[in-house]
Amino acid sequence: MTKADVLLGLQWGDEGKGKAIDAISIKNNYDGAIRFQGGPNAGHTLEFDGKKTVLHIIPSNIFNENCKSVIGNGIVLDPVIFMQEISNLIQNFSYLFTIDELKNKIIISNKCHIILPSHKILDKYQEQKKGKDKCGTTGKGIGPTYGDKISRVGLRSGDILNTDFELKAKNLYYEHLSIVTNKYPEMVLELDVKQLFTQWLDAINFLKKFTIIDTAIYLNKAISNGKKYLGEGAQGFFLDLDHGTYPMVTASNTSIGGFFNGSGVSPKHLCNVYGLFKAYTTRVGEGPFPTELFDATGKLLQTQGNEFGSTTGRPRRCGWLDLVMLKYACTISGVTELIMSKADVLNGMPTIKVCIAYQNDYGFPDEKAKPIYKAFKGWKTLIDEKGILSKNFLHYIKFIEEYLNLPITIISTGPNRNDIIWR
Ligand code: IMP
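### Brief notes about the nonpolar core
Link 1 in the chain: Core analysis: the largest hydrophobic core is formed by 61 residues, its most contacted members being Leu338, Met340, Leu346, Phe393, Tyr396, Ile400 and Ile411.
Link 2 in the chain: No other element matches the six residues that helix 12 (residues 323–333) contributes to this core.
Link 3 in the chain: Contact partners of Phe393, with chain neighbours within four places excluded, come to Met340, Ala343, Trp379, Leu382 and Ile411.

### With respect to the sheet that holds strand 15 (residues 337–341)
In any sheet, the strands associate via hydrogen bonds between backbone groups, in a parallel or an antiparallel arrangement.
Link 1 in the chain: What the 10 strands build is an open sheet, ordered 9-7-5-2-10-1-11-15-18-19; its pairing is mixed. The open sheet is flanked by strand 9 (211–213) and strand 19 (420–422), the only strands paired with a single partner. Adjacent strand axes in the sheet meet at a mean angle of 20°, parallel and antiparallel pairs treated alike.
Link 2 in the chain: Where strand 1 (residues 3–9) and strand 10 (residues 228–232) come together, five bridges link them in parallel fashion.

### Here we look at the environment of Asp123
Link 1 in the chain: Position of Asp123 among the secondary structure elements: in helix 4 (residues 117–130).
Link 2 in the chain: Put simply, Asp123 and Thr138 are 15 residues apart on the chain and 8.8 Å apart in space, counted from C-alpha to C-alpha.
Link 3 in the chain: Setting aside chain neighbours within four positions, we find Asp123 in contact with Thr137, Gly139, Lys140, Gly141, Ile142 and Pro144.
Link 4 in the chain: Separated by 2.9 Å, the side chain of Asp123 and the backbone nitrogen of Gly141 make a polar contact.

### With respect to the side chain of Glu15
Link 1 in the chain: Relative to the helices and strands, Glu15 resides in the loop between strand 1 and helix 1 (17–28).
Link 2 in the chain: Polar contacts involving the side chain of Glu15 include one to the main-chain amide nitrogen of Leu10, which spans 3.4 Å.
Link 3 in the chain: Among all residues touching Glu15, those that are not within four sequence positions of it are Gly9, Leu10, Gln235, Gly236, Leu276, Phe277, Lys278 and Ser341.

### Considering the site of the ligand
Link 1 in the chain: Near the ligand you find 15 residues, and of these Asp14, Asn41, Thr138, Thr250 and Arg314 are the closest.
Link 2 in the chain: Taking Val284, its main chain carries an N or O atom lying 3.2 Å from an oxygen atom of the ligand.
Link 3 in the chain: In this structure, an oxygen atom belonging to the ligand sits 3.0 Å away from a side-chain N or O atom of Arg314.
Link 4 in the chain: Its free accessible area being 470 Å², the ligand has 96% of it covered by the protein chains.

### Some points on helix 13 (residues 391–404)
Link 1 in the chain: Given a rise of 1.5 Å per residue, 14 residues ought to cover 20 Å, and the 20 Å separating the end C-alpha atoms of helix 13 matches this to within 8%.
Link 2 in the chain: Within helix 13, burial applies to Phe393, Tyr396, Ile397, Ile400, Glu401 and Leu404. Across the axial projection of helix 13, the buried residues extend over an arc of 130°, all falling on one side. Along helix 13, the residues that are exposed and aim more than 90 degrees away from the buried face are Lys391 and Glu402.

### Remarks on the sheet that holds strand 17 (residues 371–377)
Link 1 in the chain: The strand order across the open sheet built from three strands is 14-16-17, with neighbouring strands paired in mixed fashion. The sheet terminates laterally at strand 14 (321–322) and strand 17, the two strands that pair on one side only.
Link 2 in the chain: Its contacts with the sheet put helix 12 on strand 14 and strand 16 (351–358), and the angle it makes with strand 16 is roughly 55°.

### Considering the pattern of salt bridges
Link 1 in the chain: Tallied over the full model, the rule gives 17 salt bridges.
Link 2 in the chain: Sharing partners across several salt bridges, the network here consists of Asp14, Lys278, Glu307, Arg316 and Lys342.

### Structural notes on the environment of Lys377
Link 1 in the chain: Within the element layout of this structure, Lys377 appears in strand 17.
Link 2 in the chain: Residue classification places Lys377 among the exposed positions, given a relative accessible area of 65%.
Link 3 in the chain: The spatial distance from the C-alpha of Lys377 to the C-alpha of Met349 is 8.4 Å, given a sequence separation of 28 residues.
Link 4 in the chain: If sequence neighbours within four positions are ignored, Lys377 has contacts with Pro350 and Asn392.

### Let's talk about the packing of aromatic side chains
Link 1 in the chain: On inspection of all chains with the given rule, the structure shows 27 aromatic pairs.
Link 2 in the chain: When the ring of Phe237 is compared with that of Phe238, the centres are 4.9 Å apart and the planes differ by 70°; the resulting orientation is edge-to-face. For the pair Phe237 and Phe238, a shared accessibility class is recorded, and that class is buried.
Link 3 in the chain: A ring pair is formed by Phe237 and Tyr328, whose centres lie 6.0 Å apart and whose planes are at 75°; its orientation type is edge-to-face. Here Phe237 is found in the loop between strand 10 and helix 10 (256–263), whereas its partner Tyr328 is found in helix 12, with 91 residues between them in sequence.
Link 4 in the chain: Take Phe237: its relative accessible area is 1%, and that puts it in the buried class.
Link 5 in the chain: Residue Tyr328 is classed as partly exposed on the basis of its relative accessible area of 29%.
Link 6 in the chain: Members of the aromatic cluster, joined through ring pairs, are Trp12, Phe237, Phe238, Phe289, Tyr328 and Phe364.

Cut-offs used in this document
- Residues numbered from 1 in each chain as written.
- Predicted model: local features only at pLDDT ≥ 70, side-chain atom pairs only at ≥ 80, totals over all residues.
- Heavy atoms only, no water.
- Core = buried A, V, L, I, M, F, W, Y, C linked by side-chain atoms within 4.5 Å.
- Buried < 20%, exposed > 50% of the residue type's maximum accessible area, 1.4 Å probe, protein only.
- Helix = DSSP H or I, 4+ residues; strand = E, 2+ residues; numbered from the N terminus.
- Contact = heavy atoms within 4.5 Å.
- Pairing = 2+ DSSP bridges.
- Axes fitted to C-alpha atoms, helices over the stretch in contact; angles between N-to-C directions.
- Polar contact = N/O pair within 3.5 Å; in protein donor to acceptor, adjacent residues only side chain to side chain.
- Near = heavy atom within 4 Å.
- Areas by Shrake-Rupley, 256 points an atom, 1.4 Å probe, with all protein chains shown as cover.
- Expected span 1.5 Å × (residues − 1).
- Arc of directions from axis to C-beta.
- Salt bridge = Lys/Arg side-chain N within 4 Å of Asp/Glu carboxyl O.
- Phe/Tyr/Trp six-rings, centres within 6.5 Å; stacked < 30°, edge-to-face > 60°.

Set out below in structure tokens:
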């Protein structure tokens, strides 16, 4: 039987993908996971052996034995962050990983676009130029790297062994710097640009030790031969470049289409699409957010949920769950099952609200959307003294399932690997 499943965030990212991916990887016994869009703007948090690990590039199944971790063609790869991430894993989990084991486990597409240090400078430059209309990017160079890809001047992982690679990279690097210097010279003057490039070249040399192949061919062959793979989405549906709250979005396709483009896996292999959502809503960066709370409840969600970015440390904006948004995302991405995260954060709240419609039959979460809420009685704990889902929590879940006409099959109830309710 052939099989590829995909897990996608249904909101504005930070839904808790690291843990959800780790959990379904164990349940479904995947042979590998594939990152297929975005880059180090993502921060997938995992708790393993009591240690918190944030992965930006490496797929979240890295702790699962006998699995492949594939970095697909749709990824923008920062070699410096990749090298750092590998050395952190070896340092923190020396009893699990050696460099040779990681080299055997991780497979990188030869078509990934490579982030230069100057892409990060350009990211900052573009944000500054936009002034009050800035997007609030993560500053990791994502937009400018995808920009070079679309302009067909980007550098790809498969090119790093070419003799002219260094020269091409240097030319592009200094071209970027001159763009920035023209308008904001101080942004470049404050940096040691030679040192940044040398450090980047060291990381490129490190990258050369890894398997860099046409992962699309590899994956289709493996899946046709019976291997099971999971596509690991990054960010969330409403940060999708086409379907999200443009222009306050990321530069890749976070909806289902991004999986096919960014992995090369044939649509005929697709089986389940897991849609992951938080029991409430958060957003980092600028942009519309119809159910955002500016009061003490919003603050409570932020502190109880520890809503601070895993990549940038920025506080996340918080608000009630928005089912109109979720319905939109589930429809377009063809979600087949739902996973709810951070349900425990709502414990102890007397009333919990859910957005069930926008006024005037409006259907998209932009500035014009005005939410209509339904209130639910809160709960103290998710599980009652009889060991079953507590009455009010079950009522909340059932309402969501009926509204979206989809089952919630996994509920994450805390940061640890075992804080999970399977249904
Ligand atoms: P960029 O992806 O760094 O270009 O940022 C574009 C927008 O997407 C900004 O609003 C970021 O805050 C947001 N964003 C990017 N990556 C993530 C993520 O992993 N979680 C949540 N928001 C993100």
